[in-house]
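Architecture and fold: a report
So the chains spell out like this:
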Amino acid sequence: MTFKNSYRRSGNRATTSSGGGRGAAPMVIGGGGLGSLLLLGLFLLLGGGGGGGGQMPLPQANPNQVSDGGDYNLDHCNSSGAQNEYVDCRLEATAVSVDGVWQDVLPAEAGIEYVQPGLHFFQDTDRSGCGMALAQTGPFYCPADTTAYFDVSFFDQLEQLGGSDAPLAQMYVVAHEMGHHIQQLEGTLGMSNYNNPGEDSAAVAIELQADCYAGLWASHADKGEDAVLEPFTSEQISSAIQSARAVGDDNIQKRSGGEVNPDVWTHGSSQQREEAFLRGYQDGHMRACDYLDRGVYS
């Protein structure tokens, strides 16, 4: 997977970066998130949880240990070809691609105007509108400030669960978290309830829909005159599927040394997550991702 040589970073994407300094707020996260399962998985699967209505607690942290930003920034993303060389630049460029897909698809198929979410990169620790953001939190979407948060060290940990470090696998993570933003715009993100888990729960449906939305993005992202990506290969699609499977609830349970227990699932099995991504990728329409059975898509 490569971004085309014609891709140039612009000021139209609301991206920020730092190691800290954002305002404190209630420590909850809406919609869960790919990284939340990965790195809070043991806590959740052993009986932990947060409030209902799409709320999951972020880890406690000492505010005095939160960095004030340091020297981390995205200036290096201004150089030619940076989006094909650096992980954070690739993730930012992916968000530009996701924006482009949804600004057409969302109004056409759901009758909703697309509003761009924020995108924030940090190192080690930071503050979000939903509370502390830590490296061990993994990527997450915060509905309180409609921003997706990323510590790029997450991708090293994803490999430890059998995920891929291939570019499209990393981009899938961005498309998944921005899928939660689409749910926020639809008014459905709050339906996720982590106090009521299970393979047929609303929490699982919300996460599978976000996977399907990621597949929908991939279905459109390499097509059309305005596409910023070269055409995907079957090997690249397989890398995204590999990462989707890696963050299945059953895989997390097995790798934590426990038994597979669907009664405490909050994100879906590896097979479900693969199937959800492929549904979006192969169909390319929101109706294929109607895991909440709303029947509202054209």
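Just so it is clear, the model here is predicted, and its values are computed rather than measured.

So, how was this worked out
- Residues numbered from 1 in each chain as written.
- Predicted model: local features only at pLDDT ≥ 70, side-chain atom pairs only at ≥ 80, totals over all residues.
- Heavy atoms only, no water.
- Helix = DSSP H or I, 4+ residues; strand = E, 2+ residues; numbered from the N terminus.
- Buried < 20%, exposed > 50% of the residue type's maximum accessible area, 1.4 Å probe, protein only.
- Contact = heavy atoms within 4.5 Å.
- Areas by Shrake-Rupley, 256 points an atom, 1.4 Å probe, with all protein chains shown as cover.
- Disulfide = S-S within 2.5 Å.
- 1 Å grid on protein atoms, 1.4 Å probe; cavity = no way out; pocket = protein on both sides within 12 Å on 5 of 7 lines; lining within 4 Å.
- Points joined across faces, edges and corners; volume = space filled by probe spheres on them.
- Nonpolar A, V, L, I, M, F, W, Y, C, P; charged D, E, K, R; others polar.
- Expected span 1.5 Å × (residues − 1).
- Bend = angle between axes of the 7 residues up to and from the residue.
- Phe/Tyr/Trp six-rings, centres within 6.5 Å; stacked < 30°, edge-to-face > 60°.
- Pairing = 2+ DSSP bridges.
- Axes fitted to C-alpha atoms, helices over the stretch in contact; angles between N-to-C directions.
- Parallel < 35°, antiparallel > 145°, perpendicular 65-115°, else oblique.

Bringing the overall build of the chain into the picture now. When you go through the chain residue by residue, the secondary structure sums to eight helices and eight strands. For the chain, the proportion of its 298 residues judged to be buried stands at 55%. Sequence-distant contacts in the chain: of pairs separated by 6 or more residues, those separated by 24 or more amount to 77%. As displayed, the chain offers around 11800 Å² of accessible surface, 45% of which is attributable to carbon and sulfur atoms.

Attention shifts here to the environment of Asn-5. When you line up the elements, Asn-5 lands in the segment before β1 (15-18). Note on Asn-5: relative accessible area 69%, which makes it exposed. As a C-alpha pair, Asn-5 and Val-228 span 223 residues in sequence and 8.6 Å in three-dimensional space.

Applying the stated criterion across every chain, the model contains three disulfides. The disulfide partner of Cys-77 is Cys-89, and the gap between their sulfur atoms is 2.1 Å. Since a negative S-S torsion denotes a left-handed disulfide, the Cys-77-Cys-89 link at about -90 degrees is left-handed. Highlighted residues: Cys-77 in the loop between β3 (55-57) and α2 (87-110) and Cys-89 in helix α2, separated in sequence by twelve residues. Like Cys-89, Cys-77 is buried. Disulfide pairing places Cys-212 opposite Cys-289 at an S-S distance of 2.1 Å. Disulfide Cys-212 to Cys-289: torsion about the S-S bond roughly -75 degrees, handedness left-handed. Residue Cys-212 is located in helix α5 (residues 202-221), and its partner Cys-289 is located in the segment after α8 (270-283); the two are separated by 77 residues in the primary sequence. Cys-289 matches Cys-212 in its accessibility class, with the two residues each being buried.

Approximately 490 Å³ is the volume attributed to the largest pocket. Around the largest pocket, the lining comprises 23 residues; the ones closest to its centre are Val-96, Ser-97, Gly-100, Val-101 and Gln-103. Of all elements in the fold, only α2 and α5 reach the threshold of two or more residues within the lining of the largest pocket. Here the lining of the largest pocket is built from residues that sort into eight nonpolar, eight polar and seven charged.

What follows deals with α2. An ideal rise of 1.5 Å per residue puts 34 Å on 24 residues; α2 measures up with 32 Å between its terminal C-alpha atoms. Of all the bends found along α2, the most pronounced is centred on Trp-102 and spans about 30 degrees.

Tallied over the full model, the rule gives seven aromatic pairs. The interplanar angle of 75 degrees and the centroid separation of 5.0 Å between the aromatic rings of Trp-102 and Tyr-213 together place this pair among those described as edge-to-face. Of this pair, Trp-102 sits in helix α2 while Tyr-213 sits in helix α5, and the two are 111 residues apart along the sequence. Classification of Trp-102 by relative accessible area gives buried; the value is 1%. Tyr-213 sits in the buried class, given a relative accessible area of 0%. Each member of the aromatic cluster is reached from another via a ring pair, and the members are Tyr-172, Phe-277 and Tyr-281.

What follows concerns the pairing of strand β8 (residues 147-150). Residues of β8 alternate between two faces, with Thr-147 and Tyr-149 on one and Ala-148 and Phe-150 on the opposite face, all of them buried. For strand β4 (residues 118-122) and β8, the ladder comprises four bridges, and the chain directions are parallel. Each residue of the ladder has a partner; that of Phe-121, found in β8, is Phe-150. As paired strands, strand β7 (residues 140-142) and β8 are joined by three bridges and run antiparallel to one another. Within β8, the position partnered with Phe-140 by the bridge is Tyr-149.

Our next topic: helix α4 (residues 167-186). Here α4 contains 20 residues, and its C-alpha end-to-end distance of 29 Å stays within 8% of the 28 Å for a straight helix at 1.5 Å per residue. Buried residues dominate α4, accounting for 17 of its 20 residues. The first or second residue beyond α4 is Gly-187, which carries a positive phi of 80 degrees.

Another aspect to go through is the packing of α2 against α5. As a packed pair, α2 and α5 sit with axes 10 Å apart at the nearest point and diverge in direction by 90 degrees. When the axis of α2 is compared with that of α5, the two are roughly perpendicular. Along the contact surface, α2 presents Thr-94, Ser-97, Val-98, Val-101, Trp-102 and Val-105, while α5 presents Tyr-213, Leu-216, Trp-217, His-220 and Ala-221. Here the contact of α2 with α5 is composed, by residue class, of eight nonpolar, three polar and no charged.

Structurally, Thr-188 can be placed in the loop between α4 and α5. Apart from the residues within four sequence positions on either side, Thr-188 is in contact with Gln-183, Ile-206, Gln-209, Leu-292 and Arg-294.

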